[in-house]
Amino acid sequence: MPSSPLCLSLCGVALQNPVIAASGTFGFGHEYAEILDVSRLGGISGKGLTLHGSAGNKGVRVYETPAGMLNSIGMENPGVQHFVDREAAFMRALGPAVIANLGGHCEEDYLEGTRLLNGADIDILELNISCPNVKAGGMALGMLPDTAADITRKVKAVSRHPVMVKLSPNASELVRVARACQEAGADALSLVNTILGMAIDVKEKCAVFDNIYAGLSGPAILPIALRMVHQVAHAVSIPVVGLGGIASAEDALKFMMAGARAVQIGTMSFANPSAMLEVIDGLAGYCASEGLSNLQEIVGII
Amino acid sequence: MPSSPLCLSLCGVALQNPVIAASGTFGFGHEYAEILDVSRLGGISGKGLTLHGSAGNKGVRVYETPAGMLNSIGMENPGVQHFVDREAAFMRALGPAVIANLGGHCEEDYLEGTRLLNGADIDILELNISCPNVKAGGMALGMLPDTAADITRKVKAVSRHPVMVKLSPNASELVRVARACQEAGADALSLVNTILGMAIDVKEKCAVFDNIYAGLSGPAILPIALRMVHQVAHAVSIPVVGLGGIASAEDALKFMMAGARAVQIGTMSFANPSAMLEVIDGLAGYCASEGLSNLQEIVGII
Amino acid sequence: MAIIQSNQQIAQGIWRMAISGAPTGRAGQFFMLRVPGAVNLLLGRPISICQSDAGTGETTFVYQTVGRGTAQFATLKPGQEIDAQGPYGNGFSLKEGHTVIIGGGIGTAPLLQLAKELRVGDPDRRIDVYLGFREESYLENAFELYADSVTVKRGGFVTGDVDFSLNAQYYACGPAPMLRAVANAAEKANATLFLSLEKHMACGVGACLGCTCQTNGGRKRICKDGPVFDYREVRDAI
Amino acid sequence: MAIIQSNQQIAQGIWRMAISGAPTGRAGQFFMLRVPGAVNLLLGRPISICQSDAGTGETTFVYQTVGRGTAQFATLKPGQEIDAQGPYGNGFSLKEGHTVIIGGGIGTAPLLQLAKELRVGDPDRRIDVYLGFREESYLENAFELYADSVTVKRGGFVTGDVDFSLNAQYYACGPAPMLRAVANAAEKANATLFLSLEKHMACGVGACLGCTCQTNGGRKRICKDGPVFDYREVRDAI
Ligand SMILES: Cc1cc2nc3c(=O)[nH]c(=O)nc-3n(C[C@H](O)[C@H](O)[C@H](O)COP(=O)(O)OP(=O)(O)OC[C@H]3O[C@@H](n4cnc5c(N)ncnc54)[C@H](O)[C@@H]3O)c2cc1C
Ligand SMILES: Cc1cc2nc3c(=O)[nH]c(=O)nc-3n(C[C@H](O)[C@H](O)[C@H](O)COP(=O)(O)OP(=O)(O)OC[C@H]3O[C@@H](n4cnc5c(N)ncnc54)[C@H](O)[C@@H]3O)c2cc1C
Ligand SMILES: Cc1cc2nc3c(=O)[nH]c(=O)nc-3n(C[C@H](O)[C@H](O)[C@H](O)COP(=O)(O)O)c2cc1C
Ligand SMILES: Cc1cc2nc3c(=O)[nH]c(=O)nc-3n(C[C@H](O)[C@H](O)[C@H](O)COP(=O)(O)O)c2cc1C
Ligand code: FES
Ligand code: FES
C-alpha cells in the first residue's frame, strides 16, 4: 500500500486512496457494506451528528432536479454519544479512514460534541458549519469569516483529532471564510456542502419542502463546486477536499487538478451504488496510463 | 389583447405575455425570426451592449455541463451606437417589447450608453451589472449593495426609459443588493444572470476557458435561481422578472408562483428553438384549465 | 445490468415491464430502477416487485406514469438495458390462515406477488382480494389465479366492502387516504394489518434518511426498515 | 421530429446515420442534432450533411464518437425520433471547372455531398479527391461515384500529395493543423481555397456568439456566416 499510486496523507492520516464517502449520503457505512466492498474506499464521513441527536425535518425530504437533487433531511441523527458508543467501532472495522461529521445548533453543542468525540476512535473530525437544512446554527456559522474562524479555533482547542472544516457554497465570501478557518487552525477544508435551492409543486401550488428551501447536490452543481475548490485551493496552504457532483474518475481528476488532495462523493452513490468503486478503479487506471508514481502529482496543476 | 389572460404590465410597458427572450441568447432577434414566429413573444432582451462594443473573449466560449452550459462570450457586441442606428428599429418591428441590455466597464460607460439609448425607440433598459465574463466592471458593480445602488441611481437620473436592474446570483448578499437597487429607483429587477463556474479539460490538463471561470446557465441552476427569485420577490415591492433554467411552462409557473411577474428564457432556446413558444402555449392552457382570468393572479402565491 | 424482456401498456397510464438478469426478490420488496447513463434522471425510482419468477429469473413490475422517471420507463424497448438495484426492503411477512388483501390503484401491484406466495405457501388457505380503482381496473385476472374471491370496485375505495372482524390477517397497499381508512377500520375491529408505505426515496438502502417516518418504535426508514409495517407502528406516519 | 432510418458503425468509432423527416440541405450545411427530451445532453451537436437526397427526403450523417453527445447518438435505433434543427450554415458555394477536394479524418463527411453536387452540376468537370486518415479509412468508395480520382492516405496528412498550382478551386475540411497546412500551400500558389471550420456551438443559428472567429471582414459566426469561408478571410482563425 505505501507504494500504491493512489495513497496519500490527509492531515497526517494515511488514506489508501483519495475517494471518501460524503457525509449524510452513506449512513455510518452499514447499509452500503451489505452491497459493496466498502473496505476499498479511502474514507467514510459518517452522517452529520448533533450533540443530542435530532428527528430531522418533516414532509418531503428528497426531490430530484435536472442532473441533481434537493434534500431537506435536517440532520436526522442519533446523537454524538450514540455514535461514540455504537457506531465508531463498526466504522473503524470497515477499514477506510473514519471521519465524524459534527454539526450543531450553538457553540456549546459543538464543543461538547467535540469532547465526546475525543473518546472515539476516529481519524478526522469534519466540522460541519454549512448545513443549510437546520434553522439555528448549522450554515449560519459558516457564512461569515469571523464566526467560522471563532468556532474553528474553539473546536481545535478541544479536539484531539485533526479538524477538517466543511465550508458552505452559500457563504458570502467563501475565500475569506476559508482563509479565516486556516488561520484559526483548521487542518483541512472540505467543500462544497449543498447549495441553497428551492422546489415548487405547481399542481399543489406550494413549496415542495416544509422548510421552503433545501440543499442542492449532484452533477448539476459540479461546475460551481469546481470553481469554488479552485478558488479556495489557491488561497490556502492546508489540504482541500473537493466535492460536489462527482460522478466519474474524470470528474474526480478535475477536482484534483483544481487543487483538491482528495474528493468526496455523495449523491452519485444513490444513483449508482458502485460509483465510488468505479472512480477508484478509474483513478488507478489513470495513474497507470499516465505513468504517475503518485496521483498527488496532479493536485493543483491548474 | 387587453383581455388575454397572459397580458401584463411591466414598469408601465404592456406585454402580451410574460415570456421574454433572455439577453445574450437571442441576438437582436434576427436569427430566430428566420425560424420562429418571434412576434408571439412577450419581449426580447437584446444582446448585452457596451459603449464601444467589444470582440469578446478568445478561446472556447461555450461548453456543455450536466443539464446546463458554461459560457464565456465576454460581451461581444457591436456597441450602443450601432444598436441605436441599426438594430433598435428592427427589434421594434418584430412586435414584442424591446429591452436593451446595457453592460459596461466603468460608470462613465454606463451613463454615456444610457444617454445614447435615450435616442432609441426601446421599452425598457435592462441594466446588466452581473456579467461574470468581463474583467473590469460588469459583475463587480452588482456584487455589493452600495455600488449597485450607486450605478442604478445614476442611470435612473439619465435614462428616459424604465430601468430594470439585472442581478447577479454571485452577489454576496443578493437580497440587500435587491433592496438597495429598489431604493435607488430601479423600476424592476431581473434575476438571475449566470452563476460563476469552471470547467477543466482533463485530457489537456487545463481550464477549458481562457478566463478560467465562466457563467453557468440552464436547467441545472433552476433550483438555485428559483430560491433567489423567491427571496428577492419577498423583499422588494417592484416587479421581479425571473429566469434561470426555465425549460417548460411548468418551470415558468414555478418562477411566477415564487413571485416573478414575468420570466425570461435563455439556454433552452438553444436546445429547442421553439421552447419559448411552447411555454406561451402552455401558460395559456394553464389559464384555461385553472379558469384564471389573468395569469398574474398566481404571482407570488408561495 | 438487467435486460428488458417486455414493456407494454396494460391500462390507461399503467405499464407492465418484465426484466431478466436481476436477482429475484420477495413480495413487498422493491427495486430502484434507473436507465443507465441518465445523469438527467439521476436517481433510481422505487418500483415494487409485482411478480418474481425464480424459475425463469424474470421480475415483473407494474407502474403508473406520473412524472419524468416513469414516463422514461415507458419509452424503453425489449432488449434495452435497465439498472435494477435491489431487491430492497423487508417485504411482507407471510402469516398463516385466512388472508384478506386490499389494494388501491397502483398499490395493487406489490400485492399480486403476495397473493402468489401466500397461495404457494398454503394451497388450502382462504384468500380474499379487494381492489379499488379510480377508473380502469387492471391485474384482477392475475389475482384470480391465486385468490378465492376478487372484488373490484371502480370509482371509489373498496375499503367499505371489507369485513375487518374476520379471524384473518389483512394486508393493504394504496394511496394514503385509503391506508388511513383501512387502519381506522382495523383498529376498531382490533385486526392484524400490515401496510406497505411509500415516500420519496433517494438511496433505497437506508443511507440517506430521505424516507424516514415516525413510528412508535422510533424513527424508521421506509426503504430499509419497511416498506411493510404493522399498522399500529405507523399510525402517525400515514 | 425526424426519424432514424439507420445507424451503423462503418469504421472504428465512426458511424453513419440516416434520418427522414428533416428538410434537405446543401453541401457544407449542418444540422443541430439532439435526442428529444434529453435535458442532460442539453445542446444540439452540429453534424454536417454527408448526403442529402431530395428524392427520398433522407439525410445521411457520418459522425465520430468523441464524447457524451456522439456516444448517445450511437445508441439510437432505427424508428427512434431525433430532433434535427436545420439545415444551418452557408454551405459550399459551387464554382465551375476543375475541383480538388481535400479531407482529413471526420472532416471527410461534408465533402461527399460536395462531390455529389459538383458532379451533378457538371458531369464533365474534373474532380480530384484527397483523403487522409490517422488509421482506418472510410467513405472512399462513395467518393469514387463522383470523383475522377480518389487518393487515400493512412497515417498522415494527405496535404503533401496535393498540387496547388492547378487552374482549379480547392475545398478542404479537417483538423486545424491540416487546414493550416492547406492554407499555407494555397497561399504560396495563390490558389482559390474554401475551408469549412469548426468551433463549439450552442445555438447553431448565430444568436449566442459562442462560435465567432476573427476574419479580415470583422468578427464572423462560424455557424451562421460560415462554416465555409474563403481561406484568405480566416487566416487568423485557424
Ligand atoms: C417502496 C415503493 C414502491 C413503489 N412501487 C411502485 C410500483 O410498483 N408501481 C408504481 O407505479 N409506483 C410505485 N411507487 C411509486 C413510484 O416510485 C413513483 O411514482 C415514482 O418514483 C415517480 O417517479 P416519476 O419520476 O415518474 O415522478 P416525479 O416526476 O418524480 O414525481 C411525480 C409524482 O410522484 C411522486 N414521487 C416522486 N418520486 C417518488 C419516490 N421516489 N417515491 C415515492 N413517490 C415519488 C411525487 O410525489 C409526485 O407526485 C413505489 C414507491 C415506493 C416508495
Ligand atoms: C459545423 C460543424 C459541423 C460538424 N460536422 C461533423 C460531422 O459531420 N461529423 C462529426 O463527427 N463531427 C462533426 N462536427 C464536430 C461535432 O460537432 C463534435 O464532435 C460534437 O459536437 C462533439 O460532441 P460530444 O458530446 O460527443 O463531445 P463532447 O464530450 O462535448 O466533447 C468532445 C470533443 O468534441 C469537441 N466539441 C464538443 N462540442 C463541440 C461543438 N459543439 N462543436 C465542435 N466541437 C465540439 C470538444 O472540443 C471535445 O474535444 C462538426 C462541428 C461543427 C461545428
Ligand atoms: C441526502 C443528503 C444528506 C446530507 N447530509 C449531510 C450531513 O449530514 N452533513 C454534511 O456535512 N453534509 C451533508 N450532505 C452534503 C453532502 O455531504 C455533500 O456535501 C453534497 O451533497 C455535495 O456532494 P454531492 O454532489 O457529491 O452529493 C448531505 C447531502 C445529501 C444529498
Ligand atoms: C451564451 C450566453 C450569453 C449571455 N449573454 C448575456 C448578456 O449579454 N447580458 C446579460 O445580461 N446576460 C447574458 N446571459 C445570461 C442570460 O441572459 C441568463 O441570465 C442566464 O443564461 C440564465 O438563464 P437561462 O438559464 O434561461 O439561460 C447570457 C447567457 C448565455 C448562455
Ligand atoms: S431512501 Fe435513503 S434512507 Fe430510505
Ligand atoms: S453557435 Fe451560437 S452563434 Fe454560432
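Residues numbered from 1 in each chain as written. Chains lettered and ligands numbered in written order. Predicted model: local features only at pLDDT ≥ 70, side-chain atom pairs only at ≥ 80, totals over all residues. Heavy atoms only, no water.

Student: What am I meant to see in the site of ligand 4 here?
Tutor: All names here are of chain B. By nearness alone, 23 residues border ligand 4, and Ser23, Lys166, Gly218, Gly245 and Thr267 come closest of all. In isolation ligand 4 has 610 Å² of accessible area, and contact with the protein removes 98% of it. When grouped by side-chain class, the residues that make up the shell around ligand 4 number six nonpolar, 15 polar and two charged. (Near = heavy atom within 4 Å. Areas by Shrake-Rupley, 256 points an atom, 1.4 Å probe, with all protein chains shown as cover. Nonpolar A, V, L, I, M, F, W, Y, C, P; charged D, E, K, R; others polar.)

Student: Sorry, what's going on with the confidence of the model for chain C here?
Tutor: Here chain C averages 92 in pLDDT, and 98% of its residues register 70 or above. The ipTM for the predicted assembly is 0.93, set against a pTM of 0.94. (pLDDT = per-residue confidence, 0-100.)

Student: Would you mind showing me how to read the site of ligand 2 here?
Tutor: Residue and element names in this part refer to chain D. Of all residues adjacent to ligand 2, which total 19 residues, the nearest are Arg45, Pro46, Gly69, Thr70 and His200. The separation between an oxygen atom of ligand 2 and a polar side-chain atom of Arg45 is 2.6 Å. Contact with the protein chains removes 78% of the 840 Å² of surface that ligand 2 exposes when unbound. In terms of residues, the shell around ligand 2 owes the most to one element, strand β4 (residues 45-48), which gives four residues. (Polar contact = N/O pair within 3.5 Å; in protein donor to acceptor, adjacent residues only side chain to side chain. Helix = DSSP H or I, 4+ residues; strand = E, 2+ residues; numbered from the N terminus.)

Student: What exactly am I supposed to notice about helix α4 (residues 176-189) of chain C here?
Tutor: Along an α-helix, residues three or four apart share an orientation, since each turn contains 3.6 residues. Residues and elements named next belong to chain C. With 14 residues, α4 extends 20 Å between its outermost C-alpha atoms, agreeing within 8% with the 20 Å of an ideal straight helix rising 1.5 Å per residue. Along α4, the residues that are buried comprise Met178, Leu179, Val182, Ala183 and Ala186. For α4, the buried positions fall inside an angular range of 130 degrees around the axis, keeping them on one side. Turning to α4, the residues buried within the fold contact β8 (99-104), β11 (169-173) and β12 (192-196). Backbone geometry just downstream of α4 places Asn190 in the positive-phi region, at approximately 55 degrees. (Expected span 1.5 Å × (residues − 1). Buried < 20%, exposed > 50% of the residue type's maximum accessible area, 1.4 Å probe, protein only. Arc of directions from axis to C-beta. Contact = heavy atoms within 4.5 Å.)

Student: Just to check I follow, could you spell out the environment of Arg92 of chain B for this structure?
Tutor: All names here are of chain B. Along the polypeptide, Arg92 turns up in helix α2 (residues 80-94). In contact with Arg92, other than residues within four places in its own chain, are Val98, Asp121, Ile122 and Asp123. For Arg92, the side chain forms a polar contact with the side chain of Asp123, separated by 3.0 Å.

Student: What's the story with the pairing of strand β14 (residues 218-221) of chain C in this structure? I'm lost.
Tutor: Residue and element names in this part refer to chain C. Bridge count for strand β13 (residues 212-215) against β14 is four bridges, and the pairing is antiparallel. By the bridge assignment, Gln214 is partnered in β14 with Arg219. Linking two consecutive strands that pair antiparallel, namely β13 and β14, is a turn of two residues. (Pairing = 2+ DSSP bridges.)

Student: Is there a simple way to explain the pattern of salt bridges in this structure?
Tutor: A pair can form between side chains of opposite charge whenever their charged atoms are brought close. Evaluated as defined, the whole model comprises 50 salt bridges over all chains. For the salt bridge of Glu173 of chain B with Arg176 of chain B, the shortest nitrogen-to-oxygen distance reads 3.2 Å. Taking the shortest distance from any N to any O, the salt bridge between Asp128 of chain D and Arg126 of chain D comes out at 2.8 Å. Looking at Asp128 of chain D, the relative accessible area reads 5%, which means it is buried. Overall, the relative accessible area of 41% leaves Arg126 of chain D in the partly exposed class. (Salt bridge = Lys/Arg side-chain N within 4 Å of Asp/Glu carboxyl O.)

Student: Hey, could you run me through the sheet that holds strand β15 (residues 228-230) of chain C in this one?
Tutor: What links the strands of a sheet is backbone hydrogen bonding, and the strands pair in either a parallel or an antiparallel sense. Residue and element names in this part refer to chain C. Spatial strand order, β10-β9-β8-β11-β12-β15: six strands in an open sheet with mixed pairing. Only two strands of the sheet have a single partner each, and these edge strands are β10 (149-154) and β15. Each neighbouring strand pair of the sheet contributes to a mean axis angle of 15 degrees, computed without reference to strand direction. Pairing between β11 and β12: five bridges, direction parallel. Bridged to Cys173 within β12 is Ser196. Its contacts with the sheet put helix α2 (residues 109-121) on β8, β9 (127-133) and β11, and the angle it makes with β8 is roughly 165 degrees. (Axes fitted to C-alpha atoms, helices over the stretch in contact; angles between N-to-C directions.)

Student: What is the right way to read the side chain of Arg221 of chain C from this model?
Tutor: Topologically, Arg221 of chain C is positioned in strand β14. A relative accessible area of 16% means that Arg221 of chain C is categorised as buried. Beyond its immediate sequence surroundings of up to four residues, Arg221 of chain C is in contact with Glu31 of chain A together with Gly206, Leu209, Cys211, Thr212, Gly226 and Phe229 of chain C.

Student: How should the interface of chain B and chain A be read in this particular structure?
Tutor: You'll often see interface size given as the accessible area lost when the parts meet. In this complex, chain B contributes 37 residues to the contact, which on the side of chain A involves 37 residues. Buried surface at the junction of chain B and chain A, both sides included, amounts to about 3100 Å², of which 72% is carbon and sulfur. If you look at where chain B meets chain A, you find two salt bridges. Glu290 of chain A is paired through a salt bridge with Lys205 of chain B; the nearest N and O atoms lie 2.6 Å apart. On the surface where chain B and chain A come into contact, there are eight residue pairs in polar contact (both at pLDDT 80 or more). (Buried area = accessible area lost by both parts, 1.4 Å probe.)

Student: Would you mind going over unusual backbone geometry with me for this structure?
Tutor: What you tend to see is this: most non-glycine residues have negative phi, and most peptide bonds are trans. Residue Pro87 of chain C is bonded to the preceding Gly86 of chain C through a cis peptide linkage, with omega at -5 degrees. With respect to the secondary-structure elements, Pro87 of chain C resides in strand β7 (residues 81-88). Of note in this structure, Ala67 of chain B is not a glycine but carries a positive phi near 60 degrees. Among the secondary structure elements, Ala67 of chain B is positioned in the loop between β5 (62-65) and β6 (68-71). Here Leu139 of chain C, not a glycine, exhibits a phi torsion of approximately 70 degrees, which is positive. For Leu139 of chain C, the location among the structural elements is in the loop between β9 and α3 (140-144).

Student: Please explain the relation of the copies chain B and chain A as it appears in this structure.
Tutor: One chain copy maps onto the other through a rotation about an axis and a shift parallel to that axis. Mapping chain B onto chain A leaves a residual RMSD of 0.0 Å; the transformation is a rotation of 180 degrees accompanied by 0.0 Å of translation along its axis. Classification of the inter-copy transformation places it as that of a two-fold axis. Of all interface residues in chain B, 100% are interface residues in chain A too; the two copies therefore contact each other through one and the same surface. (Least-squares fit on C-alpha atoms with pLDDT ≥ 70 in both.)

Student: Whenever I open this one, the sheet that holds strand β14 (residues 213-217) of chain B confuses me. Can you help?
Tutor: Strand order in the open sheet made by the four strands is β5-β6-β14-β11 (chain B), with antiparallel pairing throughout. Of all strands in the sheet, those bounded by a partner on one side alone are β5 and β11 (195-198) of chain B. Shown here is a sheet whose adjacent strand axes are inclined to one another by a mean of 40 degrees, direction ignored. Relative to β14 of chain B, β11 of chain B runs antiparallel, the two being bridged by four bridges. Bridged to Met198 of chain B within β14 of chain B is Tyr213 of chain B. Where helix α6 (residues 222-233) of chain A meets the sheet, its contacts fall on β5, β6, β11 and β14 of chain B, and the angle it forms with β11 of chain B comes to roughly 75 degrees.

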